[in-house]
Amino acid sequence: QKEVEQDPGPLSVPEGAIVSLNCTYSNSAFQYFMWYRQYSRKGPELLMYTYSSGNKEDGRFTAQVDKSSKYISLFIRDSQPSDSATYLCAMIGGSQGNLIFGKGTKLSVKP
Amino acid sequence: DTAVSQTPKYLVTQMGNDKSIKCEQNLGHDTMYWYKQDSKKFLKIMFSYNNKELIINETVPNRFSPKSPDKAHLNLHINSLELGDSAVYFCASSQDDQGYEQYFGPGTRLTVT
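Presented here is an overview of the structure given in this document. What you see is a predicted model, and the numbers here were worked out from it, not measured in a lab. (Residues numbered from 1 in each chain as written. Chains lettered and ligands numbered in written order. Predicted model: local features only at pLDDT ≥ 70, side-chain atom pairs only at ≥ 80, totals over all residues. Heavy atoms only, no water.)

### A word on the packing of aromatic side chains
- The final tally for this structure, using the stated rule, is 14 aromatic pairs over all chains.
- If you follow A:Lys56 out to its NZ or CZ, it ends over the ring of A:Tyr49, 4.4 Å from the centre.
- Stacked on the ring of B:Phe42, the Lys or Arg A:Lys103 has its end atom at 5.7 Å from the ring centre. (Phe/Tyr/Trp six-rings, centres within 6.5 Å; stacked < 30°, edge-to-face > 60°. Lys NZ or Arg CZ within 6 Å of the ring centre and 35° of its normal.)

### Here's the deal with the sheet that holds strand E1 (residues 4-7) of chain B
Residue and element names in this part refer to chain B.
- Taken in spatial order, the 4 strands make up an open sheet running E1-E3-E8-E7, and their pairing is antiparallel. Single-partner strands in this sheet number two, and they are E1 and strand E7 (64-70). With direction set aside, neighbouring strand axes in the sheet form an average angle of 20°.
- With 4 bridges joining them, strand E3 (residues 19-25) and strand E8 (residues 73-78) adopt antiparallel strand pairing. Its bridge partner lying in E8, Ile21 is registered against Leu76. (Pairing = 2+ DSSP bridges. Helix = DSSP H or I, 4+ residues; strand = E, 2+ residues; numbered from the N terminus. Axes fitted to C-alpha atoms, helices over the stretch in contact; angles between N-to-C directions.)

### Things to note about the side chain of B:Gln37
- Here B:Gln37 is to be found in strand E4 (residues 31-37).
- On the accessibility criterion, B:Gln37 (5% relative accessible area) is buried.
- Side chain to side chain, B:Gln37 and A:Gln38 meet in a polar contact 3.0 Å long.
- In contact with B:Gln37, other than residues within four places in its own chain, are A:Gln38, B:Phe42, B:Leu43, B:Ala87, B:Val88 and B:Phe90. (Buried < 20%, exposed > 50% of the residue type's maximum accessible area, 1.4 Å probe, protein only. Polar contact = N/O pair within 3.5 Å; in protein donor to acceptor, adjacent residues only side chain to side chain. Contact = heavy atoms within 4.5 Å.)

What follows is the structure, encoded as structure tokens:
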């Protein structure tokens, strides 16, 4: 079993839809959970990070962590065409700073 | 000003050559990283440096050697390039070695022919 599993999609939604992106993981030692956005041919951009379980909201974006289920989610409200990108979940692994990434979900928001 | 910059942006070279990729960050961060993103877009850490000292060295071939002349720079030198080294290489930095808030550069697209 891979340490971090993420459905690669692609996921296509109409503008204004609520988008739900998810990752599961196997290592119960993970404490920090990150979501990155990567536009085509660009570097990953940190959207938000969460420590341990709970929710965190930033504008249209909400991150949720359920450590008991080893499941994290990113919700995007009122999705826009500019949200079209690949979304990568990441977690801190055994070594400090050793980010373990999911494979990314490619999202397309249609006008 | 670009926070994390890399040069070159594109690099096309032949098998067997030696090449270097440079990275600079102007964020005042203590820790810098190199990641490799393969053709399937999977992003994996290669190295990490904290205050010019190596703190992560994942299982990468020893043809890859990181060098950090100061904490704002982390270069990646690759010897005897192979076809399988073709990928996008990203540099990143974070305030400290906890690494949960990493900022990435734009990437260097390496093609080995």
